[in-house]
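As a plain string of letters, each chain reads:
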Amino acid sequence: MAFSKVISGVALAALTMVLAACGGEATSEGETAVAAGPEPEVIDARQANFKAIGKSCKAIRTQLEGASPDTAAIAAAATDLNGYALLMDEHFPEGTSVEDGYDTEALAVIWEKTDEFTEAKARLVQASADMITIAEAGDVAAIGDQVGAIGGSCKNCHDNFRLDTD
Amino acid sequence: MTASQTAPVEPASKPGLAGTDPYVRVWDLPVRLTHWSFAFLVPALWWSAENSEWALHKRFGVTLLGLLIFRILWGFLGTRTARFASFVKGPAAVLAYLKGQWGERVGHSPIGALSVLGLLTVMLVQVGTGLFSGDPYDGATGPLNALVKVSTAAALTEWHEWFYWVILGFVALHLSAIMFYAGVKQNDLLGPMVSGRKLVTPGTQGNEMTPWVRFAIAAVIAVSVAAWVAFEAPGLG
């Protein structure tokens, strides 16, 4: 008797956890979108590219936290960052938004406000290109300021075009 | 030894007294509320992270921090079965228990003690790493993220992401153990953690009544610390 009570209780707990695991990924906003097909590879490539952007940016910021920042390393990281930023143009084909039912944080507004999105991407391209020049010049204070410009471009795009329930 | 072997006994009007009453107190209300909050929060934290619901994730995380702090304090201030000293015993006690020489008592067994310590520890590690996790240029960050260096936060974030599997393992073990006790040892551990009472052999000593003043003290400390952390620990760093 006690056995069946406990089994039911534990099974309920396990089932709840499994239910919590399913559904709600692309539908957490109340959308009922179902994916049009298998996840496009471009979404993986896109997410890998943003991870690489984040890594380069962190490399620069880590240098600045040290006692004597290596400006050549910063210039190299900025060069990488600029390269990744240019790749963003290839990573946003139509129909790959979270509203299309895929596991991504790209909002449909990307394809609605195309001018703004183009400008947002260009901001990072420009900020990282400027960072190469500034880092090669060796002025640590100016490098620090330019990190702010890069961060501002990240935030601008994320605030407008990325899923964020914060 | 089991309920099915003895004739049903009428509970006395004041349950919990040693003597004739077979239904005694086992777990106080704070312990039970804390336990079931853990059971809700751990899956909720996982779900909120998977679905990028960062505001919820952070709120759940700080709540879990408060509950963990409370449980640790209660392990020193609470009722007998809540106190660590009453169930954390050495390896000799674990062996005696495994050999069936422990006798009938309420509260955690020496083996149960290991799982309590294990689960509390892994939850503390996960909450601890989470407080510092994230990248402000990427998205949500834990409330103490600004206190550590970029490389430190990156490392702690990675830990936080894979340590989830360790927690999953401990939870699976915990659920398996409960089911084992129910099915094989005919010992219902779920019911008492809900009702706070257990059917025991008459004469077995039950738990004491909840000391509500000490509860208030532990609760106030836990909520204060968690709130201070949630507001990014002003005064630190």
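For every chain, the first residue of the written sequence is number 1, and numbering continues from 1 onward in sequence order. Numbering of ligands from 1 and lettering of chains from A proceed in the order in which they are written. For a predicted model such as this one, the threshold for reporting local features is a pLDDT of at least 70, and the threshold for listing and counting side-chain atom pairs is 80 or more; totals across whole chains, interfaces and linings nevertheless cover every residue. Side-chain descriptors were evaluated using all non-hydrogen atoms of the structure, hydrogens and water having been removed beforehand.

Here we come to a nonpolar patch on the surface. All names here are of chain B. Residues Leu147, Val213, Ile217, Ile221, Val225, Trp228 and Leu236 make up a contiguous nonpolar surface patch of roughly 580 Å² in combined accessible area. In this structure, Trp228 sits in helix H8 (residues 212–230). A simple rule labels every residue: compare its accessible area, found with a 1.4 Å probe on the protein chains alone, to the largest value its type can have, and call it buried under 20%, exposed over 50%, or partly exposed in between. Residue Trp228 is classed as partly exposed on the basis of its relative accessible area of 37%. In this scheme, patches are assembled from residues that exceed 30% relative accessible area and form no salt bridge. Like charges are connected within 9 Å, while nonpolar side chains (Val, Leu, Ile, Met, Phe, Trp, Tyr) are connected within 5 Å. Using a 1.4 Å probe, accessible areas were evaluated by the Shrake-Rupley method; residue-level cover was limited to the displayed protein chains. Put simply, a salt bridge is a Lys or Arg side-chain nitrogen that is within 4 Å of an Asp or Glu carboxyl oxygen. In DSSP terms, a helix is any run of H or I states spanning at least four residues, a strand is any run of E spanning at least two, and both are numbered starting from the N terminus.

With that settled, the discussion passes to H8 of chain B. All names here are of chain B. Residue count minus one, scaled by 1.5 Å, sets the expected span of a helix. Under the 1.5 Å per step criterion, the end-to-end length of H8 is 26 Å for 19 residues, consistent within 8% with the ideal 27 Å. Taken together, the buried positions of H8 are Ala218, Ala219, Ala222, Ala226 and Val229. The buried residues of H8 all sit within an arc of 100° when viewed along its axis, so they share a single face. Turned more than 90 degrees away from the buried face of H8, the exposed residues are Val213, Val220 and Val223. The contact criterion used is simple: two residues touch if any of their non-hydrogen atoms lie within 4.5 Å. For H8, the secondary structure elements touched by its buried residues are helix H2 (54–77) and helix H5 (110–132). One or two residues past the end of H8 sits Glu232, with phi positive at roughly 70°. Think of it as the arc spanned by the lines of direction from the helix axis to the C-beta atoms.

Let us now look at unusual backbone geometry. Residues and elements named next belong to chain B. The phi dihedral of Gln186 falls on the positive side, at around 55°, and the residue is not glycine. Structurally, the position occupied by Gln186 is in the loop between helix H6 (150–183) and helix H7 (190–195). Assessed through its relative accessible area of 48%, Gln186 is described here as partly exposed. For Ala233, which is not glycine, the phi torsion reads 50° and is therefore positive. For Ala233, a relative accessible area of 1% translates into the label buried.

Its place among the elements puts Glu105 of chain A in the loop between helix H3 (71–87) and helix H4 (114–137). Look at Glu105 of chain A and you get partly exposed, because its relative accessible area is 24%. Sequence separation between Glu105 of chain A and Ile7 of chain A is 98 residues, and the spatial gap between their C-alpha atoms is 39 Å. Look past the residues within four positions of Glu105 of chain A in its chain and what remains in contact with it is Phe161, Arg162 and Leu163 of chain A together with Ser52 of chain B. Here Ser52 of chain B takes part through its side chain, which lies 2.8 Å from a polar atom of the side chain of Glu105 of chain A. Whenever two N or O atoms come within 3.5 Å, that pair is a polar contact, provided that in protein one can donate a hydrogen and the other can accept it, and provided that, for residues adjacent in sequence, both atoms are side-chain atoms.

Counting 33 residues, the largest nonpolar core has Phe38, Leu64, Leu68 and Leu120 of chain B as the members making the most contacts within it. Listed by contribution, the elements that provide at least two residues to this core are helix H1 (29–50), H2, helix H3 (84–87), H5 and H8 of chain B. Examining the composition of this core, we find that 8 residues originate from one element, H2 of chain B, more than from any other. Setting aside residues no more than four positions away along its own chain, Leu68 of chain B makes contact with Phe38, Leu120, Met123, Leu124 and Val127 of chain B. To define a nonpolar core, start from buried Ala, Val, Leu, Ile, Met, Phe, Trp, Tyr and Cys residues and group those joined through side-chain atoms within 4.5 Å. If you look at the next biggest cluster of nonpolar residues, it comprises 31 residues, including Ile53, Ala77, Met131 and Ile150 of chain A.

Here the focus is H3 of chain A. The terminal C-alpha atoms of H3 of chain A, which comprises 17 residues, lie 24 Å apart, in line with the 24 Å expected from a rise of 1.5 Å per residue. Packing partners of the buried residues in H3 of chain A comprise helix H2 (41–65), H4 and helix H5 (140–161) of chain A.

A few words now on the packing of H2 of chain B against H8 of chain B. All names here are of chain B. It is the contact of H2 with H8, at a shortest axis distance of 8 Å, that shows an interaxial angle of 150°. When the axes of H2 and H8 are compared, the crossing they make is right-handed. In contact with Val62, Leu65, Gly66, Ile69, Phe70, Leu73, Trp74 and Leu77 of H2, H8 contributes Arg214, Phe215, Ala218, Ala219, Ile221, Ala222, Val225, Ala226, Val229 and Ala230. Following the grouping adopted for this structure description, the nonpolar residues are Ala, Val, Leu, Ile, Met, Phe, Trp, Tyr, Cys and Pro, the charged ones are Asp, Glu, Lys and Arg, and the polar ones are all others, Gly among them. Here the contact of H2 with H8 is composed, by residue class, of 16 nonpolar, 1 polar and 1 charged. Geometry is summarised by axes, namely lines fitted to C-alpha atoms with helices restricted to the contacting stretch, and by angles between N-to-C directions that run from 0 to 180 degrees. Each crossing gets its handedness from the near helix: less than a right angle anticlockwise from the far helix is left-handed, clockwise is right-handed.

Looking now at the environment of Ala155 of chain B. Looking at where Ala155 of chain B falls in the secondary structure, it is placed in helix H6. For Ala155 of chain B and Thr129 of chain B, which are 26 residues apart along the polypeptide, the C-alpha to C-alpha distance reads 9.3 Å.

Summed over all chains, the structure comprises 6 salt bridges over all chains. Here Asp135 of chain B ties to Lys58 of chain A by a salt bridge, and the two come within 3.7 Å at their closest N and O atoms. With Asp135 of chain B in the loop between H5 and H6 and Lys58 of chain A in helix H2, this pair bridges two chains. Bridged by salt links that share partners, the residues Lys58 and Arg61 of chain A together with Asp135 of chain B form one connected network.

Residue and element names in this part refer to chain A. Within the secondary structure layout, Arg46 lies in helix H2. In this count, Lys and Arg are taken as positive residues and Asp and Glu as negative ones, while His and the chain termini are left out. Notably, Arg46 is buried but unbridged: the nearest opposite-charge side chain belongs to Glu39, and the N-O separation is 7.5 Å. Filtering out sequence-adjacent residues up to four positions away, Arg46 remains in contact with His91, Phe92, Thr96, Thr104 and Ala106.

Functional significance is not addressed by these values, which are geometric in nature.
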